[in-house]
Amino acid sequence: MSLRIIRVKPESNQRFFVTLDGRLYGFRLRFNPRAAAWYLDVSNSRGQVVVAGVRVRRLYPLLMQYVGYASLPQGTLFIGEDAITFAGLTGIGYTEKGR
């Protein structure tokens, strides 16, 4: 397995597709202002949601509780040290109370 860095846009609600292990996956990353937190959804190549509402935390394995699901990519998915800060919003993996 190799390291794969996925760049995201500076938007509070975005969708993007990435090929991992030869399979296409859809990702939705969104900011919930009420919770002051980021959330992630993962879908398969047919657009069916496989995992929804995973709270994003920096340097934390986001899909750890789903290890072994055949419909998810193998390996570890996490938000790296270079957390994105969007203008007017809390950065990915941060909360209003701190890091």
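My aim in this report is to walk through the structure given alongside it, one point at a time. Keep in mind that this is a model prediction, so the values were computed, not measured.

**Structural notes on the overall build of the protein chain**
A tally of helices and strands in the protein chain yields zero helices and four strands. Listing each helix as α and each strand as β along the protein chain from the N terminus yields β-β-β-β. Looking at the protein chain residue by residue over its 99 residues, the buried ones come to 35%. For the protein chain, restricting intrachain contacts to residue pairs at least 6 apart in sequence, the fraction spanning at least 24 positions comes to 26%. Within the structure as shown, the protein chain displays about 6,700 Å² of accessible surface, and the carbon and sulfur contribution to it stands at 49%.

**Quick look at the sheet that holds strand 4 (residues 49-55)**
Spatial strand order, 1-2-3-4: four strands in an open sheet with antiparallel pairing. Edge strands, defined here as strands with exactly one partner in the open sheet, are strand 1 (13-20) and strand 4. Strand-to-strand twist of the sheet, defined as the mean angle between neighbouring strand axes without regard to direction, takes the value 20 degrees. As paired elements, strand 3 (residues 37-43) and strand 4 share four bridges and run antiparallel to each other.

**As for the environment of Pro 73**
Take Pro 73: it is sitting in the segment after strand 4. According to the relative accessible area criterion, Pro 73 is buried, its value standing at 18%. Once residues within four sequence positions are removed from consideration, Pro 73 is found in contact with Leu 20, Asp 21 and Tyr 25.

**Considerations on the pattern of salt bridges**
The tally for this structure, following the rule as stated, stands at two salt bridges. Of the charged contacts in the structure, one is a salt bridge between Asp 41 and Arg 28, with a shortest N-O distance of 3.7 Å. Of this pair, Asp 41 sits in strand 3 while Arg 28 sits in strand 2 (residues 23-32); the two residues are 13 residues apart in sequence, bridging distant segments of the chain. Arg 30 is paired through a salt bridge with Asp 41; the nearest N and O atoms lie 3.1 Å apart. Of the two residues, Arg 30 is situated in strand 2 and Asp 41 in strand 3; the sequence distance between them amounts to eleven residues. Residue classification places Asp 41 among the buried residues on the basis of a relative accessible area of 11%. Among the charged side chains, a salt-bridge network with shared partners connects Arg 28, Arg 30 and Asp 41.

Cut-off values and rules
- Residues numbered from 1 in each chain as written.
- Predicted model: local features only at pLDDT ≥ 70, side-chain atom pairs only at ≥ 80, totals over all residues.
- Heavy atoms only, no water.
- Helix = DSSP H or I, 4+ residues; strand = E, 2+ residues; numbered from the N terminus.
- Buried < 20%, exposed > 50% of the residue type's maximum accessible area, 1.4 Å probe, protein only.
- Contact = heavy atoms within 4.5 Å.
- Areas by Shrake-Rupley, 256 points an atom, 1.4 Å probe, with all protein chains shown as cover.
- Pairing = 2+ DSSP bridges.
- Axes fitted to C-alpha atoms, helices over the stretch in contact; angles between N-to-C directions.
- Salt bridge = Lys/Arg side-chain N within 4 Å of Asp/Glu carboxyl O.

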